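Structural description and commentary
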Amino acid sequence: MGDFTPCGDRLNAEETGLLQNAEKMDLSVKGQAEYTALLHTVLGARYGSTPRAFVHTYGCQGNVADGERIKGMLAEMGYTFTDTVENADLVLYNTCAVREHAEDRVFGNVGALKNRKAARPGMVVALCGCMMQQPRVAEKIRRSYSFVDLVFGTHVIHRLPELLYRALCGRNRVFELPDEAGSITEGLPVVRDSSFKAFLPVMYGCNNFCSYCIVPYVRGRERSRMVEAVLEEARSLVEAGYRDITLLGQNVNSYGKDLETPVPFAQLLREINAIPGDFRIRFMTSHPKDCTRELLDAMADCEKVAKHLHLPFQSGNDRVLKEMNRRYTREQYLELIRYARQVMPELSLTSDVIVGFPGETYEAFQDTLSLVEEVGFTSLFTFIFSPREGTPAAKMPDPVSREEKGRWFRELTDLQERVASARNQKLLGKRFRVLVEGPGKKAGLLAGRTEGNLVIEFPGGDSLIGEFVEVVVTEALAWILRGQMEL
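Residues numbered from 1 in each chain as written. Predicted model: local features only at pLDDT ≥ 70, side-chain atom pairs only at ≥ 80, totals over all residues. Heavy atoms only, no water.

Comments concerning helix 6 (residues 135-144)
Inclusion rule: Working definition: with a 1.4 Å probe on protein chains only, accessible area under 20% of the residue-type maximum means buried, over 50% means exposed, and in between means partly exposed. Put simply, DSSP marks the helices as runs of H or I at least four residues long and the strands as runs of E at least two long, and each gets a number from the N terminus on. Directions pointing from the helix axis toward each C-beta atom define the arc. Throughout, a residue-residue contact means that at least one pair of heavy atoms, one from each residue, lies within 4.5 Å.
Every buried residue of helix 6 is accounted for by Val137, Ala138 and Ile141. Buried residues of helix 6, seen end-on, are gathered within an arc of 100° and therefore sit on one face of the element. Residues of helix 6 that are exposed and point over 90 degrees away from its buried face: Pro135 and Arg143. Looking at the packing, one finds that the buried side of helix 6 touches helix 4 (100-111), strand 4 (124-129), strand 5 (150-152) and strand 6 (174-176).

This is the structure we're talking about:
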């Protein structure tokens, strides 16, 4: 691998013009294609062989979808992919800002690259994603991580060819972090992590401004993709043999409100459901304030839409919900659940819960426990409150100790384990259509997922991975089912 030195002195007239242009303006998709083609030549000259990229994504499914598009662009530039930083000519971390732990992991992993970069100066280190969109983080990278070559935010992923060209051939580190989200860029190439499960973004950004959440500040306001663009991608996925398609958005229930002719998310579900083929539709994530009976009716009516609803409630106490700026009450949430189960008796419900929000008392936390018991969730994603600088909740008085919150957290998880175990026991002897996702934890077993997002293990051969099979439940544990395949 060659040394990392600016190649600006070796550029021909065409290349110099492109570099100067890149430093002045945001190019179109067509313009980015010019950089993609040029990078083939630059990378070949730089490394003397096919360059290798290590791309690691932290955080939510939306970040994973971004990472797949990043890999698509890199593949078009001529990169292959490696699973280790030791073999990489480009190391790119796609970061998450939702919780402090995720940020700490990123800083630790980036810091570990310093000596590796010193030993292999030809390595390019790039950072993107939600963390980088925060000014304090970008400034910390600028001051304390001088070996990082390229930093770009959530709004300019489509400009990766231009930005990487500038990092390789310019004379300065590249930081591209505009505040404005701009329009949605269609037509980006994708390298998907799975050959049978796919993420399909339908919208970006968030308008909700929950008091604890950094997402609206780093992802911008809500922007919906055009219906036809979503349908075109869905059709191509079905034609390519994808069996499980997850529609993504920070709040999919708000889809279409910003379009020139508004289109409800329920209508989009129905139109995707009408695409011919044998596949399953999921969606993430729903906000209770925008979850309508129209949407629940569409779920019930559409045979390809999984009867699984992830509907975060965060707290069972009305005062805490108000402080969170969630804009619904406990009773409104429960009313939605009652109607959902009325039209879909087999519905599987999952949710998110924050434990120890600032000002939450143990008495208020008891309301969360009672809601969990009343609803009977299939599973919960539970988190102890993590303050995010720049959000209102980070400035709220928070007198309860971390140790006390930890005790509440264990009480919640113990309760959910009992609830899940009791629910799963009722599934003994039931038959499910299961998408086989891969090997199980023990040799000879496969692991699959039911329509309700339950994991089930059963004996079978690897040739079934990516296929639908029928499985009867023979054993029910708190977090997993075991069964036998029916032929």
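Re the sheet that holds strand 5
How we decide: Two strands qualify as a pair provided that DSSP identifies no fewer than 2 bridges between them. For helices, the fitted axis covers only the stretch in contact; all axes are lines through C-alpha atoms, and the angles between them, taken along N-to-C directions, range from 0 to 180 degrees.
The six strands lie next to each other as 2-1-3-4-5-6, forming an open sheet whose pairing is parallel. The sheet terminates laterally at strand 2 (80-81) and strand 6, the two strands that pair on one side only. As defined by bridge partners, strand 1 (residues 52-57) adjoins strand 3 (residues 90-95) across five bridges and the pair is classed as parallel. Note that in strand 3 the partner of phenylalanine 54 across the bridge is valine 91. Sitting on the sheet, helix 7 (residues 160-169) is in contact with strand 4, strand 5 and strand 6, with an inclination near 155° to strand 5.

Description of the environment of arginine 116
With respect to the element layout, arginine 116 can be found in helix 5 (residues 113-119). With relative accessibility at 29%, the residue arginine 116 sits in the partly exposed group. In sequence terms arginine 116 and glutamate 86 are 30 residues apart; their C-alpha atoms lie 8.0 Å from each other. Sequence-distant contacts of arginine 116, that is, excluding residues within four places in its chain, are made with Val85, Glu86 and Met123.

Considerations on the packing of helix 13 (residues 330-343) against helix 14 (residues 362-375)
What counts is decided by this rule: Between 65 and 115 degrees an angle is taken as roughly perpendicular, under 35 as roughly parallel, over 145 as roughly antiparallel, and anywhere else as oblique. Gly falls in the polar group here, along with every residue not listed as nonpolar (Ala, Val, Leu, Ile, Met, Phe, Trp, Tyr, Cys, Pro) or charged (Asp, Glu, Lys, Arg).
Close contact between helix 13 and helix 14 brings their axes to 11 Å; oriented N to C, the two are set at 10°. The orientation of helix 13 relative to helix 14 falls into the category roughly parallel. Packed against helix 13, whose contacting residues are Arg330, Tyr333, Leu334, Ile337, Arg338 and Arg341, the element helix 14 presents Asp367, Ser370, Leu371, Glu374 and Val375 at the interface. For the contact of helix 13 with helix 14, the class distribution of residues is five nonpolar, one polar and five charged.

Observations regarding the packing of aromatic side chains
Test applied: Stacked, tilted and edge-to-face are the three classes assigned to paired rings of Phe, Tyr and Trp, where Trp is represented by its six-membered ring and a pair needs centres within 6.5 Å; plane angles under 30 degrees give stacked, over 60 edge-to-face, the rest tilted. Each ring is checked for a lysine NZ or an arginine CZ that lies within 6 Å of its centre and within 35 degrees of its normal; such an atom marks a charge sitting over the ring.
Enumeration over the complete set of coordinates arrives at 15 aromatic pairs. On the basis of an interplanar angle of 80° and a centroid distance of 5.2 Å, the ring pair of phenylalanine 265 and phenylalanine 283 is categorised as edge-to-face. You can see phenylalanine 265 sitting in helix 10 (residues 265-273) and its partner phenylalanine 283 sitting in strand 11 (residues 280-284), a full 18 residues away along the chain. Across the pair, exposure class does not vary: phenylalanine 265 and phenylalanine 283 are buried alike. Cluster of aromatic residues (ring-pair linked, three or more members): Phe313, Tyr328, Tyr333 and Phe377. Lying over the aromatic face of tyrosine 242, arginine 192 brings its terminal NZ or CZ to 6.0 Å of the ring centre. The ring centre of phenylalanine 468 lies 3.9 Å from the NZ or CZ of arginine 433, which sits over that ring.

Structural notes on the nonpolar core
Note the following rule: Remark: nonpolar core denotes a set of buried residues (Ala, Val, Leu, Ile, Met, Phe, Trp, Tyr, Cys) joined through side-chain atoms within 4.5 Å.
If you look at the biggest cluster of nonpolar residues, it comprises 71 residues, and the most contacted ones within it are Leu247, Tyr255 and Ile272. Excluding residues within four positions of it along the chain, tyrosine 255 makes contact with Val202, Met203, Ser224, Arg225, Met226, Val227, Val230, Val263, Pro264, Phe265 and Leu268. Grouped together as the second largest cluster of nonpolar side chains are 30 residues, Leu74, Tyr79, Ala126 and Leu163 included.

Some remarks on the pairing of strand 13 (residues 348-355)
Heads up, the rule is: The handedness of a crossover follows from its direction of travel: if, with the strands pointing away from the viewer, the path from the first strand over the helix to the second runs clockwise, the crossover is right-handed.
Where burial is concerned, most of strand 13 is hidden: eight out of the eight residues are buried. Because side chains alternate across strand 13, one face comprises the buried residues Ser348, Thr350, Asp352 and Ile354, and the other comprises Leu349, Ser351, Val353 and Val355, equally buried. One ladder, built from three bridges, connects strand 12 (residues 308-310) with strand 13; its direction is parallel. Within strand 13, the residue paired with leucine 309 across the bridge is leucine 349. Bridge analysis of strand 13 against strand 14 (residues 379-384) gives six bridges, and the strand direction is parallel. Pairing of aspartate 352 across the sheet is with phenylalanine 381, part of strand 14. Of the crossover connections in this fold, the one passing from strand 13 over helix 14 to the parallel strand 14 is right-handed.

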